[in-house]
Structure formats: structure tokens, C-alpha cells
Amino acid sequence: MSFALLRSHGRPALAVIERQVRTLSSARTITDFSAMTTVKTTEKKNYLQHSQPSKSFVSTSVRKYSKKTAAPERAYNSDSDSDSDDERDTTPRQRQRKERGNSEFWRRKMRTLHGVLDVNKDGVISYDDFMLLTEKFASLGHLDVKAKNEFRDIMRTTWESQWGEITPYNLVTVEQYLTEMHHVVNDKDLKKKVHRFLPYLYKAVDKDRSGSISLNEFKLFFRCLGLTEENAAVSFAVIDKNGDGQITLDEFVKLGKDFFVSEKEAHVSRMFWGPLVDH
């Protein structure tokens, strides 16, 4: 009977105990899962904090790769075929000091050339002087018809671009010539054009059309300029640097260009247009 009572009253109690045990187990499982989730979340945060770069690092990287590097300045604002060897500069102050046409030596050279271009020797340069000089070279008979016409056109456009209209009253004094040539040699575009008539002078005196001129042909060049053969011999000895007795077209043109831009008193181009005037 006791067993029967225990059996009849114990089942509900056992059921209650089993439910409590299951509840406790579930609560423990949830607690363990929550703890585990919390640990994993914390580990993930720690990992992200250590693995991702800081904002300052990202910003620095962007600045580093987006910053443009300035291109190096050119030594001088000029093309390679019109600069002489003695005019290399690197800083703004040096470029200011290297402005062409400020030395008395350069002014002597320009006064010398003014005298050469003053063909009729009236003390000023006119368009008539340009045409007289052109005809002197053209009349040698070494230029074909096409080259003669090109030569005349270049001399005319050179006059118009530098001195303006073609009239008998448009006369260029020495001081005007110095002022204009100072502007020309310091202007990139004008400087490239200042020597473009030189190949025609060369071809006009290259009577055998060999592509180089000898001393005798150089004397012909000086004769057309109104200079003596003695002047030609002295100048030729100076400008023929390699001593081969010949001057090529490239050498001739380079010497003529260097005469305009170089301010070195020892530069051989100083003799290109004959002996320099004293003052």
C-alpha cells in the first residue's frame, strides 16, 4: 500500500523535477551560448581594430599618391636650335641675369651688323638696303629662280615683321636697331626667325654647289657685304675651328645664329660679319 501511494503521488513530483531540470539545462545552454557569442563578438571587434588601417593612415596614403610632382623647369625658355652654348641657366635669378643684349660687347656686335646692313652707307637701314643686299647675292648667279624668289620674300617679310611698313620714310637708326634686336633675341618666337635668311646667303656663294664653302667662296660672301678679302681671310681663320679649310651649311648657320645671341667675347662667331666696330 505504501508503494502504491508513493507511486500514485510520486509521478507528479517526478514530472515537476524533470521539467525543472530541463529548464535549468536550457537556461545554462542559453547562458553558455550568449557568453560564447559575446566572446566571439569581442574577438571580432579586436581583430577589426588591429587589422584595419587608421583614418589618418588612409588619408596620408591618399595625399601621397594624389599629389602631383612638379615638372623640372627648363634651363631657359627657348628652343635648342637658337641657344648658344654659353647661355645655360637653371634658376629664375640666373635667367634674369642671362637676359641677352645687356653687355657692351653684344651692342658692339649689333652696331657692326647695322653698318653691314646699311648697304648705301647713309647711316640708317631702309627697305632699299635690304633689297640691295638681296640683289647683290642673287646676282652672283648661284641661286635658281625659285631660291631667288624665296630669298626676296624672306627679306621682305623680315623687314615687315621687324620694322613695319615699306616706305622711303621708314628708316632704322643704330639705336633703334639695338632696341629692336634686344627684343628679338629675348623673344622665343622672334629669335627662331632672326637667322632664316642665312641659308640663302650661303647657297649664293657656294658657287660649285659642293655643300661647303672654301676661303675663296667666303671672300665672295664678304665682298657682297662690302668688306675686304683681308677681312674675309682673318674671319675665316677664326671661324674655321677644325682647320679643314671648309665651312658647311650647318656650321655657317650656327655661327650666324650665335653672333646674335652669344655674349662671350671669345666666341668665334664674333667674326662672322667681319671685324667689330670700336664703339
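One can find the structure itself at the top, above this paragraph.
These lines cover the structure that appears in this document, whether it is placed above or below.

So, how was this worked out
Residues numbered from 1 in each chain as written. Predicted model: local features only at pLDDT ≥ 70, side-chain atom pairs only at ≥ 80, totals over all residues. Heavy atoms only, no water. Helix = DSSP H or I, 4+ residues; strand = E, 2+ residues; numbered from the N terminus. Contact = heavy atoms within 4.5 Å. Core = buried A, V, L, I, M, F, W, Y, C linked by side-chain atoms within 4.5 Å. Buried < 20%, exposed > 50% of the residue type's maximum accessible area, 1.4 Å probe, protein only. Polar contact = N/O pair within 3.5 Å; in protein donor to acceptor, adjacent residues only side chain to side chain. Axes fitted to C-alpha atoms, helices over the stretch in contact; angles between N-to-C directions. Left-handed = near helix turned anticlockwise from the far one by under 90°. Nonpolar A, V, L, I, M, F, W, Y, C, P; charged D, E, K, R; others polar. Salt bridge = Lys/Arg side-chain N within 4 Å of Asp/Glu carboxyl O. Phe/Tyr/Trp six-rings, centres within 6.5 Å; stacked < 30°, edge-to-face > 60°. Lys NZ or Arg CZ within 6 Å of the ring centre and 35° of its normal. Expected span 1.5 Å × (residues − 1). Parallel < 35°, antiparallel > 145°, perpendicular 65-115°, else oblique.

**Regarding the overall build of the chain**
Link 1 in the chain: What the chain contains, in helices and strands, is 12 helices and two strands.
Link 2 in the chain: Moving toward the C terminus, one meets the helices and strands of the chain in the order α-α-α-α-α-α-α-α-α-β-α-α-β-α.
Link 3 in the chain: Across the chain, the fraction of contacts at a sequence separation of at least 24, relative to all contacts at a separation of at least 6, is 63%.

**Concerning the nonpolar core**
The tendency in soluble globular proteins is for nonpolar side chains to be buried as a group.
Link 1 in the chain: Counting residues in hydrophobic clusters, the biggest one holds 56 residues, and the most contacted among them are Phe137, Tyr177, Phe221 and Trp273.
Link 2 in the chain: Within the residue set of this core, elements represented by two or more residues are helix 4 (104-117), helix 5 (127-138), helix 6 (145-163), helix 7 (174-185), helix 9 (198-205), helix 10 (215-224), helix 11 (229-239) and helix 12 (249-261).

**Some words on the environment of Thr228**
Link 1 in the chain: With respect to the helices, strands and loops of the structure, Thr228 is situated in the loop between helix 10 and helix 11.
Link 2 in the chain: Look at Thr228 and you get partly exposed, because its relative accessible area is 38%.
Link 3 in the chain: In terms of polar contacts, Thr228 uses its side chain to reach the side chain of Asn231, at 2.9 Å.

**Thoughts on the packing of helix 4 against helix 7**
Link 1 in the chain: At a minimum axis distance of 10 Å, the contact between helix 4 and helix 7 shows a crossing angle of 120 degrees. Note that helix 4 runs across helix 7; the crossing there is right-handed. Two secondary-structure elements touch here, helix 4 through Trp106, Arg107, Met110, Arg111, Leu113, His114 and Leu117 and helix 7 through Val174, Glu175, Tyr177, Leu178, Met181, His182 and Val185.
Link 2 in the chain: Along the lines of polarity and charge, the residues of the contact of helix 4 with helix 7 split into nine nonpolar, two polar and three charged.

**Focus on the pattern of salt bridges**
Link 1 in the chain: For the coordinates displayed, the defined rule picks out seven salt bridges.
Link 2 in the chain: Salt-bridge contacts for Arg156 lead to Asp153; the nearest nitrogen and oxygen are separated by 3.0 Å. Of this pair, Arg156 and Asp153 both sit in helix 6, three residues apart, which is roughly one turn of that helix.
Link 3 in the chain: A relative accessible area of 31% places Arg156 in the partly exposed class.
Link 4 in the chain: By relative accessible area, which is 37% here, Asp153 ends up partly exposed.
Link 5 in the chain: The salt bridge partner of Asp189 is Lys192, with a shortest N-O separation of 4.0 Å. Placement of both Asp189 and Lys192 in helix 8 (residues 188-193) is noted, with a separation of three residues, approximately one turn of the helix.
Link 6 in the chain: Looking at Lys192, the relative accessible area reads 37%, which means it is partly exposed.

**Considering unusual backbone geometry**
Link 1 in the chain: Positive phi, close to 60 degrees, is recorded for Lys121, a residue that is not glycine.
Link 2 in the chain: Here Lys121 shows up in the loop between helix 4 and helix 5.
Link 3 in the chain: Positive phi, normally seen in glycine, also occurs at Arg209, with a value near 55 degrees.
Link 4 in the chain: Following the sequence through the fold, Arg209 ends up in the loop between helix 9 and strand 1 (212-213).

**Comments concerning the packing of aromatic side chains**
Link 1 in the chain: For the structure shown, the criterion picks out 18 aromatic pairs.
Link 2 in the chain: Arranged with centres 5.8 Å apart and planes meeting at 55 degrees, the rings of Phe221 and Phe272 form a pair that is tilted. One end of the pair, Phe221, is in helix 10; the other, Phe272, is in the segment after helix 12, with 51 residues separating them in the sequence. Pair check on accessibility: Phe221 and Phe272 agree, each one buried.
Link 3 in the chain: Through a chain of ring-to-ring contacts, the aromatic side chains of Phe137, Phe197, Tyr202, Phe218, Phe221, Phe222, Phe236, Phe252, Phe272 and Trp273 assemble into a single cluster.
Link 4 in the chain: Cation over ring: Lys109 sits above Phe259, and NZ or CZ is 5.1 Å from the ring centre.

**Quick word on helix 7**
Link 1 in the chain: The end-to-end C-alpha distance of helix 7 is 16 Å, a good match for the 16 Å that 12 residues give at a rise of 1.5 Å each.
Link 2 in the chain: Turning to helix 7, its buried residues number three or more, namely Tyr177, Leu178, Glu180, Met181, Val184 and Val185.
Link 3 in the chain: The elements touched by buried residues of helix 7 are helix 4, helix 6, helix 8 and helix 12.

**A few points about the packing of helix 10 against helix 11**
Link 1 in the chain: Here helix 10 crosses helix 11 at 125 degrees, and the two axes come no closer than 9 Å. Taken together, the axes of helix 10 and helix 11 are oblique relative to one another. Relative to helix 11, the crossing made by helix 10 is right-handed. Contact residues: Leu215, Phe218, Lys219, Phe222 and Arg223 in helix 10; Glu229, Asn231, Ala232, Ala233, Ser235, Phe236 and Ile239 in helix 11.
Link 2 in the chain: Partitioned by chemical class, the residues of the contact of helix 10 with helix 11 number seven nonpolar, two polar and three charged.

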